[in-house]
Amino acid sequence: MKARINGRSSFVLLISWILVPFGIYCLDENPTVVSDGKRVLNIGALFTFNSAIGRSVRPALVAAIEDIKSDASILQDTELNLIFQDTNCSAFLGTVEAIQLMGRKVVAAIGPQSSGIVHAIGSVVSELHIPLLSFGATDPSLSALQYPYFLRTTISDYFQMYAVADLVEYFGWKEVIAIYVDDDYGRNGISVLDDALAKKRSRISYKAAFPPGASRSDLDGLLGGVNMLESRVFVVHVNPDSGLNIFSVAKELQMMGNGYVWIATDWLPCFLDSAEAIDPGTTSLLQGVVTFRHHTLDSDLKKRFTSQWRNLKNIHSLMFNSYALYAYDSLWLLARALDVFLKSGGTLSFSDDPRLVHNNDSVLRSTSLQIFDQGGQLLQILAATNFTGVTGQIEFDLERNLIHPAFDVLNIGGSGIRRLGYWSKYSGLSIVPPENLYTKPPNTSTSNQQLYPAIWPGETTTKPRGWVFPNNGNPLRIAVPYRVAYTEFSTKDNGALGVKGYCIDVFEAAIQLLPYPVPHRYILYGDGQRNPSYKDLVNDVAQNKYDAAVGDVTITTNRTRIVDFTQPYMESGLVVVSPVKENKSSPWSFLLPFTWKMWAVSAVFFLFVGSVIWILEHRTNTEFRGTPRQQLVTILWFSFSTMFSSHRENTVSTLGRLVLLFWLFVVLIINSSYTASLTSILTVRQLSMGIQGIGSLISSSDPIGVQDGSFAYRYLTDQLNIAESRLRILKNQDDYVNFLQRGPTGGGVAAIVDELAYVELFLSYTKCAFSIVGQEFTKSGWGFAFQRDSPLTVDLSTAILQLSESGQLQRIHDKWLLRTECASQIKQGDDNRLSLKSFWGLFLICAVVCFIALTVYFLRVYLQFNRYNAEGEQQDVEGTEISSSFRRTFVASSFKDLISFFDKKEGETNEMTERNNGDSKRRASLSFNEQA
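Predicted model, so just to flag it, every value in this text is computed and none were measured. (Residues numbered from 1 in each chain as written. Predicted model: local features only at pLDDT ≥ 70, side-chain atom pairs only at ≥ 80, totals over all residues. Heavy atoms only, no water.)

A. Here's a closer look at the packing of aromatic side chains. Enumeration over the complete set of coordinates arrives at 38 aromatic pairs. Geometrically, the ring pair formed by phenylalanine 47 and phenylalanine 84 is edge-to-face, given 5.9 Å between the ring centres and 90° between the ring planes. A residue pair is termed long-range when its members are at least 10 positions apart, and phenylalanine 47 in strand β2 (residues 38-47) and phenylalanine 84 in strand β3 (residues 78-86) qualify at 37 residues. The class of phenylalanine 47 is buried, set by a relative accessible area of 0%. Phenylalanine 84 gets classed as partly exposed once you look at its relative accessible area, which sits at 23%. Their ring planes at 25° and their centres at 5.5 Å tell us that phenylalanine 762 and phenylalanine 770 sit as a pair that is stacked. Under the relative-accessibility criterion, phenylalanine 762 is labelled buried at 1%. Look at phenylalanine 770 and you get buried, because its relative accessible area is 3%. (Phe/Tyr/Trp six-rings, centres within 6.5 Å; stacked < 30°, edge-to-face > 60°. Helix = DSSP H or I, 4+ residues; strand = E, 2+ residues; numbered from the N terminus. Buried < 20%, exposed > 50% of the residue type's maximum accessible area, 1.4 Å probe, protein only.)

B. Molecular detail of helix α5 (residues 157-170). Spanning 14 residues, α5 covers 19 Å between terminal C-alpha atoms, matching the ideal 20 Å at 1.5 Å per step. Most of α5 is tucked away: 11 of the 14 residues are buried. All of the buried residues in α5 are Asp157, Phe159, Gln160, Met161, Tyr162, Ala163, Val164, Ala165, Asp166, Leu167 and Val168. Capping the start of α5 is the job of one residue whose side-chain oxygen sits 3.1 Å from the backbone nitrogen of tyrosine 158: serine 156. Where α5 terminates, the next one or two residues include glycine 172, which has phi positive at roughly 80°. (Expected span 1.5 Å × (residues − 1). Polar contact = N/O pair within 3.5 Å; in protein donor to acceptor, adjacent residues only side chain to side chain.)

C. Quick look at the sheet that holds strand β8 (residues 203-210). Ordered in space as β8-β7-β9-β10-β11-β16-β17-β18, the eight strands form an open sheet in which the pairing is mixed. In the strand order of this sheet, the two ends are held by β8 and β18 (428-430), each with one partner. Each strand axis lies, on average, 25° off the axis of its neighbour in the sheet, ignoring direction. For strand β11 (residues 290-294) and strand β16 (residues 406-413), the ladder comprises five bridges, and the chain directions are antiparallel. Paired with histidine 294 across the bridge in β16 is phenylalanine 407. In the packing of α5 onto the sheet, contacts are made with β7 (175-181), β9 (233-237), β10 (261-264), β11, β16, β17 (416-424) and β18, and the angle to β11 comes to roughly 145°. (Pairing = 2+ DSSP bridges. Axes fitted to C-alpha atoms, helices over the stretch in contact; angles between N-to-C directions. Contact = heavy atoms within 4.5 Å.)

D. Seen up close, the side chain of glutamine 85. You can see glutamine 85 is positioned in strand β3. At a separation of 3.3 Å, a polar atom in the side chain of glutamine 85 contacts the side chain of glutamine 100. In contact with glutamine 85, other than residues within four places in its own chain, are Ala45, Leu46, Phe47, Phe49, Glu97, Gln100, Leu101 and Arg104.

E. Just the environment of threonine 560, in detail. Relative to the helices and strands, threonine 560 is located in helix α16 (residues 557-560). Linking threonine 560 and alanine 785, residues 225 residues apart in sequence, is a C-alpha distance of 8.9 Å. Within the local environment of threonine 560, its side chain forms a polar contact with the backbone oxygen of threonine 557, the two atoms lying 2.7 Å apart.

F. Region of the structure containing unusual backbone geometry. In this structure, proline 112 follows glycine 111 across a cis peptide bond, with omega equal to -5°. Mapped onto the elements of the fold, proline 112 is located in the loop between β4 (108-110) and α4 (115-128). With phi around 70°, asparagine 544 is a residue other than glycine that occupies positive phi space. Within the secondary structure, asparagine 544 sits in the loop between α15 (534-542) and β23 (548-549). Positive phi values are uncommon outside glycine, yet asparagine 721 reaches one of about 55°. Within the element layout of this structure, asparagine 721 appears in the loop between α21 (712-719) and β29 (727-730). Taking the relative accessible area as the measure of exposure, asparagine 721 reaches 64% and is therefore exposed.

G. Summary view of the sheet that holds β23. Strand order across the open sheet formed by five strands is β22-β19-β23-β33-β24, with mixed pairing between neighbours. Looking at the sheet topology across the chains shown, the edges are occupied by β22 (520-525) and β24 (563-565). Sheet topology places strand β19 (residues 476-481) next to β23; two bridges connect them, and they run parallel. When the sheet's bridge partners are listed, alanine 479 is paired in β23 with alanine 549. Along the sheet face, helix α14 (residues 502-512) touches β19, β22 and β33 (785-787) and points at about 165° away from the line of β22.

H. Summary view of the side chain of aspartate 795. Tracing the sequence through the fold places aspartate 795 in helix α24 (residues 792-806). Put simply, aspartate 795 is tucked away with no salt bridge, and the nearest opposite charge, on arginine 465, sits 4.1 Å away. There is a polar contact of 2.6 Å between the side chain of aspartate 795 and the side chain of tyrosine 516. With residues up to four places along the chain from it excluded, the contact list for aspartate 795 reads Arg465, Trp467, Leu514 and Tyr516. (Lys, Arg positive; Asp, Glu negative; His and termini not counted. Salt bridge = Lys/Arg side-chain N within 4 Å of Asp/Glu carboxyl O.)

I. Here's a closer look at α24. A rise of 1.5 Å per residue sets the reference length of α24, with its 15 residues, at 21 Å; its end C-alpha atoms lie 21 Å apart and thus fit the reference within 8%. The set of residues buried in α24 consists of Leu792, Thr793, Asp795, Leu796, Ser797, Ala799, Ile800 and Leu803. Within two residues after α24, glycine 807 carries a phi angle of roughly 90°, on the positive side.

J. Inspection of the nonpolar core at higher detail. In this structure, Met102 and Ile263 are the most contacted members of the largest nonpolar core, which totals 112 residues. Ignoring sequence-local partners within four residues, the contact set of methionine 102 consists of Ala109, Val124, Val125, Leu128, Ile130 and Leu369. Counting 68 residues, the second largest nonpolar core, distinct from the first, contains Val499, Leu514, Ala785 and Ala799. (Core = buried A, V, L, I, M, F, W, Y, C linked by side-chain atoms within 4.5 Å.)

K. Local environment of the layout of surface pockets. Here the largest pocket is characterised by a volume of approximately 850 Å³. Lining the largest pocket are 37 residues, with Cys89, Ser114, Gly116, Asp183 and Asn239 sitting closest to its centre. Mapped onto the lining of the largest pocket, the elements with two or more residues apiece are α1 (2-19), α3 (91-102), α4 and α6 (184-199). Sort the elements by how many residues they give to the lining of the largest pocket and α4 lands first, with four residues. (1 Å grid on protein atoms, 1.4 Å probe; cavity = no way out; pocket = protein on both sides within 12 Å on 5 of 7 lines; lining within 4 Å. Points joined across faces, edges and corners; volume = space filled by probe spheres on them.)

L. How the structure looks around empty space enclosed by the protein. According to the stated counting rule, one finds two cavities of 30 Å³ or more in the structure shown. By volume, the largest cavity is sized at about 80 Å³. As for the largest cavity, its lining consists of Arg483, Tyr534, Asp552, Thr554, Arg559, Gln707, Asp708, Gly709, Ser710, Phe711, Glu755 and Tyr758. The residue makeup of the lining of the largest cavity, split by class, is three nonpolar, four polar and five charged. As a volume, the second largest cavity reaches approximately 30 Å³. In terms of lining residues, the second largest cavity is bounded by Leu272, Ile278, Thr283, Leu286, Ile412, Ser415 and Gly416. Here the lining of the second largest cavity is built from residues that sort into four nonpolar, three polar and no charged. (Nonpolar A, V, L, I, M, F, W, Y, C, P; charged D, E, K, R; others polar.)

Take a look at the structure:
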């Protein structure tokens, strides 16, 4: 671009050096000419007189000159001499005219309206320091950085293209076709639109460019070609004087009917606003078109300008477009800047450029092109000026763009134009005028965007879908995995489609639900010798080798970055499959539920609790008395009979019943656990390997099997950091069986990691000889892959949901994949035997209860014994004198007495105590009588 512009500038200078000697130099206007006591300043005006913009701009500039003259507060002793220069709607002639104008010692130039001419003369005015105030050059590539003396006094197409992108996003379209004139204005505007749409995750699917002045036949061929494409959203960015030809040809090609979307940039309102009255034939061409117009403030200044316009002489129309308003404000901007400059004591002068002065080495003369010495100062004042004009606030940002770019969003329907809303850089799309929002915080969020309903081509208010299946004779290219294993999902077929399988039936059923035909053909992907690489398949879709991929394609994060997936039609996550072994009968199987420690502690507690119950019941319960042999048998019998609640002995003591209550609860738990564990051992298969799930598989060093072409390979290596040396590629079901049966010691694998859908089929094939271990450790699904932003993705997702809700998706599943279900419950063998750690809490509670009961019991017996012994001692003391040796013998035999006391029935000891108490009372009575 820079090389082209530099070349163009050199060409302009060459033209100027050639033309100036032939007459341009003879123009001898001075920068300041005194007339009637006033200083006269030359101001240039560059535009095409006979154009939609020019016919409105010329009267506006004349009106501005008159208003400035009549305003006593500005340029009191200065008069502006406006020099009009016609660019003739030609880049070449316009450039020549512009250079002629620069030779007339103008202090500034208003215009041009053409962006191409600015590119041509931008370097010239920068060299000559002449400010260029353009009311019509909207090319976004024109910048103050490249052309320092260029000042755009209208809204750049940069903002208009972002308005178009916001409109496209608002209606949910993903692709547009750009129709534009192939010049600087058209190319650069569409380039910005492409960037703006990309930020909205949309794109220009096709750029239809035509040269300036293209014939009707050229336009017919251009539109005929784009009508064969998929997108039905057209953005038209052309010139006002030739733009209607686009819609005329589109009308003939029946492209202005139902389903089409036409978006025109500001050129269309520019043309319509300039017309005295819109011809009905023109209106019929534009039905349903959405367009943008520069938003200008509805102020008193604008109303006064409108009233003044009707009184102007030599106007072509009583109507004017927005460019007339910007031209009017541009001249006022220059007048205010000159007024500030002159009132600050500034003087205006021109000087020769040494590089253009004739010398001995050059035969070219261009002495009339002089440098405006104060051009830099004037430019700074222009950029800093801030006032309210007929268009609204005139103020520039650091990049010399107007600070409040805004557009009206219009819709042509019926016999007139209706406003759908507004767009502004500040708040995006809104039904509230932008100036009412400037006092509020900026809000361009999606939820804040709002427009009134539009009338679309075909006189419908239903929003067009924005695309159709292309009518270019090329069916959709669909890649189908040519599977070797699990061919139920997709494989080759000799039928009309060429492919068959569960995935194909789902896709065909979804296609039938679409409201439009989708011609398509299936292309087998793979050589049929091994499963294809699904990673390569998705990459080929992303690289436009195929339009879509239909098959068992897993939706992963990396894949969603390069293609679009439909709604998942099958849920499938990764699982672990491991071999199982059949149960073998054993005479000692009844010992397997408990570990040996559990058996030992249980036996000890049975004897311990039996002993405690015997102790607590011995003195009160006759069933716990007898010979030592009988009592030992009673303890053993009672202990083990509690396991079945079949003990014959009844407990009569409170403490004995309390202990027995807790013990029976412990026995109930042990019995239930034993029964459940033994049932599981005898009925549930056991793993032949020590793999319990993905966790134990990762921690081991055994080989792991994965399906050929599956994403599981990369998932295990990249996400779970499993060494590739541990992975074994399995091509088909026979490899699955062979590697699992051989095991890691025989060159096989300890387990296989695969998706649940495949595993369920595999287990059905092998009649449940293997089993799933643990739970799914990923959650994913299968979907149809399309190129990014394909409109088919959304429609097919909706169709898949309809299949699911109607039950048809399940019927297709049952047709291809209904197999015998395998019980996934497995047992790990010895590692799952019940151990002491599962029951020690119960045993502890029981032991504590027994200890408390024994403590209470022994305290009570001891107190009874002391009371009984005290009564006996008192009786002996009263009857006879006890010698010291007898006392020692009595103390020594007290323990034996305690044991003997414990062995007696509680009733006997109570009778003896009462008898002793009665004897004591009688002796006490006799002793009292004798003393009396």
